[in-house]
Amino acid sequence: MTFHDRGTSWFLAQLKPNCANIADKNLKRQGFNTFLPMEEETRQRNGKFVTAMRPLFPGYIFVAFDVARGFWRTVNSTYGITRLVSFGKEPTAVPLDLVSQLMLRCDAKGKLLPPKLLKPGDQVTLTKGPFANFMAEVEKIAPDRRVWVLMEIMGAQTRVAVGADQLRSICNQPMAKNDI
């Protein structure tokens, strides 16, 4: 899904409330390349859990165009768009690396792919909370995406429950003979 034409940059457009799909359809109809990253969200409604797709960045959509040709005025007047995000008189481009990395994390339809799945025995580093930068080993993964890890604290193995979003996998590299 990554593409970049010469002279074309990515911009962020602010959407009118609940108009993400309408704006996306109208921009594509006008010939603009758009990117609307989506994620699955589970909510409880009427006593049941319902999973639905929702924008990763509610209220915003990425649009690619050539600013030198003045297309930003067309985007601003598109039904469903409030305005392009800008600092000054002209819209501000979003760094291409940021958009490219987001696109790599999504499938062809813009759905956010899950991060690399962890499995028991994987070596991980905690990224948030009081144990940030501590190394641990995945012991068990619960269905609610809670991960039980084993950490060494004060010389003893301690079992800690953390969210999967708080872990970063460590590449297991074989130890050299000098490290032994």
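The residue numbering used here restarts from 1 in each chain and proceeds along that chain's sequence as written. With the structure being a predicted model, the display of local features is reserved for residues of pLDDT at least 70 and the display and counting of side-chain atom pairs for 80 or more, all residues being used for whole-chain, interface and lining totals. Side-chain metrics in this entry use all non-hydrogen atoms of the structure; hydrogen atoms and water are not considered.

- Looking at an unreviewed UniProt entry, one finds the chain named Transcription termination/antitermination protein NusG, with Thalassobacter stenotrophicus as its source organism.
- UniProt positions are given in the numbering used here, feature names are shortened, and annotations may be inferred rather than shown by experiment. What the UniProt record of the chain gives under Sequence similarities (unreviewed entry) is the line "Belongs to the NusG family."

### Some remarks on helix α1 (residues 20-29)
Note on helix geometry: an α-helix contains 3.6 residues per turn, so any two residues three or four positions apart are oriented the same way.
Next up, step 1: A 1.4 Å probe rolled over the protein chains alone gives each residue an accessible area, and that area as a share of the maximum for its type sets the label: buried under 20%, exposed over 50%, partly exposed in between. Each helix corresponds to a stretch of at least 4 residues labelled H or I by DSSP, and each strand to a stretch of at least 2 residues labelled E; elements are numbered beginning at the N terminus. Looking at α1, one finds that the buried residues are A20, A23, D24, N26 and L27.
Next up, step 2: In what follows, residue pairs with any heavy atoms lying within 4.5 Å of each other are defined as contacts. Turning to α1, the residues buried within the fold contact β1 (9-15), β2 (33-35), β4 (48-55), β5 (60-65), α2 (72-76) and β6 (81-84).
Next up, step 3: Of the residues trailing α1, G31 is marked for its positive phi of about 95 degrees.

### A short note on the layout of surface pockets
Next up, step 1: Here the second largest pocket is characterised by a volume of approximately 250 Å³.
Next up, step 2: The rule is simple: put a 1 Å grid over the protein atoms alone, call a set of points where a 1.4 Å probe fits but cannot get out a cavity, call an open set with protein on both sides within 12 Å along at least five of seven lines a pocket, and count a residue as lining if it has an atom within 4 Å of a point. Forming the walls of the second largest pocket are 13 residues, and the residues nearest its centre are N18, C19, A20, R54 and P55.
Next up, step 3: Every element with two or more residues in the lining of the second largest pocket is listed here: α1 and β4.
Next up, step 4: Here the term charged refers only to Asp, Glu, Lys and Arg, the term nonpolar to Ala, Val, Leu, Ile, Met, Phe, Trp, Tyr, Cys and Pro, and the term polar to all other amino acids, Gly among them. Within the lining of the second largest pocket, the residues separate by chemical class into 8 nonpolar, 3 polar and 2 charged. Grid points are joined across faces, edges and corners, and a volume is the space filled by probe spheres set on the points.

### Some points on the pattern of salt bridges
Next up, step 1: One side-chain nitrogen of Lys or Arg within 4 Å of one carboxyl oxygen of Asp or Glu is enough to make a salt bridge. Following the criterion strictly, the structure yields 4 salt bridges and no others.
Next up, step 2: Residue R54 is joined to E39 by a salt bridge in which the shortest nitrogen-to-oxygen separation is 3.1 Å. You can see R54 sitting in strand β4 and its partner E39 sitting in strand β3 (residues 38-45), a full 15 residues away along the chain.
Next up, step 3: Salt-bridge contacts for E139 lead to R159; the nearest nitrogen and oxygen are separated by 2.5 Å. Taken together, the residues span a long stretch of sequence, with E139 in strand β9 (residues 135-141) and R159 in strand β11 (residues 156-163) at a distance of 20 residues.
Next up, step 4: Classification of E139 as partly exposed rests on a relative accessible area of 34%.

### Examining the packing of aromatic side chains
Next up, step 1: Aromatic pairs are defined between Phe, Tyr and Trp rings, using the six-membered ring for Trp, whenever the two ring centres lie within 6.5 Å; interplanar angles under 30 degrees are classed as stacked, those over 60 as edge-to-face, and all others as tilted. Overall, the coordinates contain 6 aromatic pairs when judged by the stated rule.
Next up, step 2: Summarising the aromatic geometry, the rings of F57 and F62 are spaced 6.1 Å apart at their centres and angled 80 degrees between planes, so their arrangement reads as edge-to-face.
Next up, step 3: Taking relative accessible area as the criterion, F57 reaches 36% and is therefore assigned partly exposed.
Next up, step 4: Taken together, the aromatic side chains of F11, F32, F65 and F71 make up a single cluster linked through ring pairs.

### Some remarks on the nonpolar core
Next up, step 1: What makes a nonpolar core is a set of buried Ala, Val, Leu, Ile, Met, Phe, Trp, Tyr and Cys residues whose side-chain atoms join them at distances within 4.5 Å. Among the nonpolar cores identified, the biggest contains 16 residues, and L27, I61, V63, F65, V75, I81 and L84 are the most heavily contacted of them.
Next up, step 2: I81 has contacts with A13, Q14, L15, K16, A23, L27, I61, V75 and N76, leaving out every residue within four places of it along the chain.
Next up, step 3: One finds L126, V149, M151 and A164 within the second-largest nonpolar core, a separate group that totals 12 residues.

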